[in-house]
Amino acid sequence: MTRTRCDRTPAWAQLEAAYQADGKDFDLRDAFAADPQRFAQFSQAAPLVFADLSKNRIDAATQELLFQLARESGLLAHRDAMFAGEVINTTEQREVWHTLLRPPADATTASAHEAQALAQVHGTLDAMLAFAEAVRADGAIADIVNIGIGGSDLGPQMAVLALDAFATTGKRMHFVSNVDGHELAATLAKLKASSTLFLVASKTFTTIETMTNAQSAKRWFTTQGGVDIARHFAALTTNVAAANDFGITTTFGFWDWVGGRYSLWSAIGLPLAIAIGADGFRAFLAGAHAMDQHFRSAPLEANLPVRLGLLDVWYRNFHGFTSRSIAPYHSALRRLPAYLQQLEMESNGKRVDASGAELPFGTSPVPWGESGTNGQHAYFQMLHQGTDVVPVEFVAVKKARHTLGAHHPLLLANVLAQAQALMVGKADAGGHKHFPGNRPSTFLLLDDLTPASLGALIALQEHRVFVSGALWGINSFDQWGVELGKVLAKDIAPRLDSGDTTGLDGSTAGLLGMLRA
Ligand code: F6P
């Protein structure tokens, strides 16, 4: 498992030279004028996702250098190490094996260890899907409340919304994540204890927000006359013992080799399984698995996660672009940007490499955005005419699942028009009405938004984040950066009662005083 940090490869210096020579002045309009084959050359079909990369500031020579960078960095060996279940999360001494949650039960395995792990995966999956079907059939349960945060919230919430068209139960799904009691209180106000199922989702079963919300939900349940915790509470966790101590006996486990932000495919996906049913959930896994196979086996030159990840490195480290706007032109994908923020920023928001050495280059960009066309009437002004270049990643879906005739063509016309406008611009001497153009975008196209295509889209995003993280030489699978705030909050909480400001900085002490007054 040898990786060479990207800046220590010969290709890195060559890319720097290429950027200085003509990369920085690259003009998309000239590139299209010069090459009628550009769309074909810079598009890539992958399972259930088609990508048009042609509106990016890249030419064949740069792309070849980026492939060389990938080879020289040892990307392929690192990828294979992940799929083989090696301990690539070195700071936590863990395997990184979320991909093993997705193959069918009879998939070929490469080792006895893998075969055993896959058997465990399917044992739990079968039990969880049987439970999901039982809940779906249970007429007495009307509301499902998922209590979890971070990866135990963003994935299931995003996916349940995205696949709303496939939700056939008529049950209401609620997601409570914030420790802010307003959220839980507002949800509880709509519920009846006798018809509610709480899913307490926490990999560690120690996260303070989730534990606080779960305690309050349990208290509310008994105060409301609720009986039978085993029927009305289930825990989704790697820490089954802690869930039992909490008083929850209905549990679905997973393993420490599933990172929180990669856990949607595990028991954490139970809300989705309840919403779309066992077959739908299996299709979701199959779509992701198809993308895994593509990432594992397609040559670099025809490998979509690789091409996207390399473009991310080119933009972040050579062009210096610090963010990427995610523009899903499908309202059901409106939580996708939030989901991708955790995926990319918690994975690649690192300032040291795997050996602990400080990095001399930038890492995670900031993914952000809203669904289209809403974003157009909010921040697209800046994307078209602002001083910073922000690459945009459009996601469009060919087929509509509604019958309101005029809407979908209009939606698709808008997504095409935005990508076009960003690139072609519009000359106007007046200044204010001048659009500089040459603003890059990627266009991801799904035929239909289904469990399988959503699975493929999310796995694609996981792997593109893997690619840039691998080249940067970082550990994309730990998240030490969230720990300090947790420790300090524990220290501050009792001070809000006692008023003790000993050892606090002046600002924290001042604010604490105001909050107590
Ligand atoms: O604090 C960050 C984090 O650890 C995320 O990585 C994780 O998804 C989230 O908290 C929730 O953790 P858990 O599922 O253990 O409650």
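Our subject is the structure that appears above.
Residues numbered from 1 in each chain as written. Predicted model: local features only at pLDDT ≥ 70, side-chain atom pairs only at ≥ 80, totals over all residues. Heavy atoms only, no water.

(A) Looking closely at the pattern of salt bridges. Under the criterion given, the structure shown has 29 salt bridges. For the salt bridge of R94 with D256, the shortest nitrogen-to-oxygen distance reads 3.8 Å. Highlighted residues: R94 in the loop between α5 (75-83) and α6 (112-137) and D256 in the loop between β7 (250-253) and α12 (270-297), separated in sequence by 162 residues. When its relative accessible area of 25% is taken as the criterion, R94 is described as partly exposed. The class for D256 is partly exposed, based on a relative accessible area of 38%. (Salt bridge = Lys/Arg side-chain N within 4 Å of Asp/Glu carboxyl O. Helix = DSSP H or I, 4+ residues; strand = E, 2+ residues; numbered from the N terminus. Buried < 20%, exposed > 50% of the residue type's maximum accessible area, 1.4 Å probe, protein only.)

(B) The arrangement of the pairing of strand β6 (residues 233-237) in detail. Burial analysis of β6 places five of its five residues in the buried class, which makes it a mostly covered element. By the bridge criterion, four bridges tie strand β5 (residues 196-201) to β6 in an arrangement that is parallel. Within β6, the position partnered with L199 by the bridge is A234. As defined by bridge partners, β6 adjoins β7 across four bridges and the pair is classed as parallel. Within the sheet, the bridge partner assigned to A234 lies in β7 and is T250. As a crossover connection, the stretch from β6 through helix α11 (residues 240-246) into β7 is right-handed. (Pairing = 2+ DSSP bridges. Right-handed = clockwise from strand over helix to strand, strands pointing away.)

(C) Main features of the sheet that holds β6. Sheet architecture is open: five strands sit in the order β4-β3-β5-β6-β7, paired in parallel fashion. Looking at which strands have only one partner, the edges of the open sheet turn out to be β4 (172-176) and β7. Strand-to-strand, the axes of this sheet are offset by a mean angle of 20°, without reference to chain direction. Across the sheet, α6 lies against β3 (143-147), β5, β6 and β7, angled at about 135° from β7, the strand it touches most. (Axes fitted to C-alpha atoms, helices over the stretch in contact; angles between N-to-C directions. Contact = heavy atoms within 4.5 Å.)

(D) Region of interest: the site of the ligand. Near the ligand there are 14 residues, and of these G151, S152, S202, T204 and T207 occur at the shortest range. Within the side chain of Q342, a nitrogen or oxygen atom sits 3.2 Å from an oxygen atom of the ligand. With respect to the ligand, the side chain of E346 contributes an N or O atom lying 2.8 Å from an oxygen atom. Here the ligand loses 88% of its free accessible area of 390 Å² to cover by the protein chains. Considering only residue class, the shell around the ligand consists of two nonpolar, nine polar and three charged. (Near = heavy atom within 4 Å. Polar contact = N/O pair within 3.5 Å; in protein donor to acceptor, adjacent residues only side chain to side chain. Areas by Shrake-Rupley, 256 points an atom, 1.4 Å probe, with all protein chains shown as cover. Nonpolar A, V, L, I, M, F, W, Y, C, P; charged D, E, K, R; others polar.)

(E) Expanded view of a nonpolar patch on the surface. On the surface, a cluster of nonpolar side chains totalling about 300 Å² of accessible area is made up of L484, V487 and L488. Looking at the element boundaries, L488 is found in helix α18 (residues 483-498). For L488, a relative accessible area of 43% gives the class partly exposed. (Patch = residues over 30% accessible without salt bridge, like charges linked within 9 Å, V, L, I, M, F, W, Y side chains within 5 Å.)

(F) The arrangement of the packing of aromatic side chains in detail. Inspection of every chain in the model, using the stated rule, returns 23 aromatic pairs. Ring geometry for F295 against F466: centres 6.0 Å apart, planes inclined by 75°, an arrangement best described as edge-to-face. One end of the pair, F295, is in helix α12; the other, F466, is in helix α17 (residues 451-472), with 171 residues separating them in the sequence. For the residue pair F295 and F466, the accessibility class agrees, reading buried in each case. Taken together, the ring pairs connect W12, Y19, W314, F318 and F361 into an aromatic cluster. We note R38 situated over the ring of F32; from NZ or CZ to the ring centre the distance is 5.4 Å. The ring of F295 carries the charged tip of R79 above its face, separated from the ring centre by 6.0 Å. (Phe/Tyr/Trp six-rings, centres within 6.5 Å; stacked < 30°, edge-to-face > 60°. Lys NZ or Arg CZ within 6 Å of the ring centre and 35° of its normal.)

(G) Looking closely at the environment of G362. Structurally, G362 can be placed in the loop between α14 (336-348) and β9 (366-369). In the structure, G362 is positioned 263 residues away from T99 in sequence and 27 Å away in space, judged by C-alpha atoms. For G362, the contacting residues outside a window of four places in its chain are R316, N317 and W472.

(H) Structural detail: the sheet that holds strand β10 (residues 392-397). What the six strands build is an open sheet, ordered β1-β2-β11-β10-β8-β9; its pairing is mixed. The sheet terminates laterally at β1 (43-46) and β9, the two strands that pair on one side only. Direction aside, neighbouring strands of the sheet carry axes that sit 20° apart on average. Note: strand β8 (residues 323-329) against β9, four bridges, orientation parallel. Considered in β9, the bridge of I326 is made with G369. Relative to the sheet, helix α16 (residues 407-424) contacts β8, β10 and β11 (441-446), its axis offset from that of β10 by approximately 160°.

(I) View of unusual backbone geometry. In this model, G372 is joined to T373 through a cis peptide bond whose omega is 10°. As for its placement among the helices and strands, T373 is situated in the loop between β9 and α15 (380-385). The phi angle at N438 is positive, at roughly 60°, despite the residue not being glycine. Position of N438 among the secondary structure elements: in the loop between α16 and β11.

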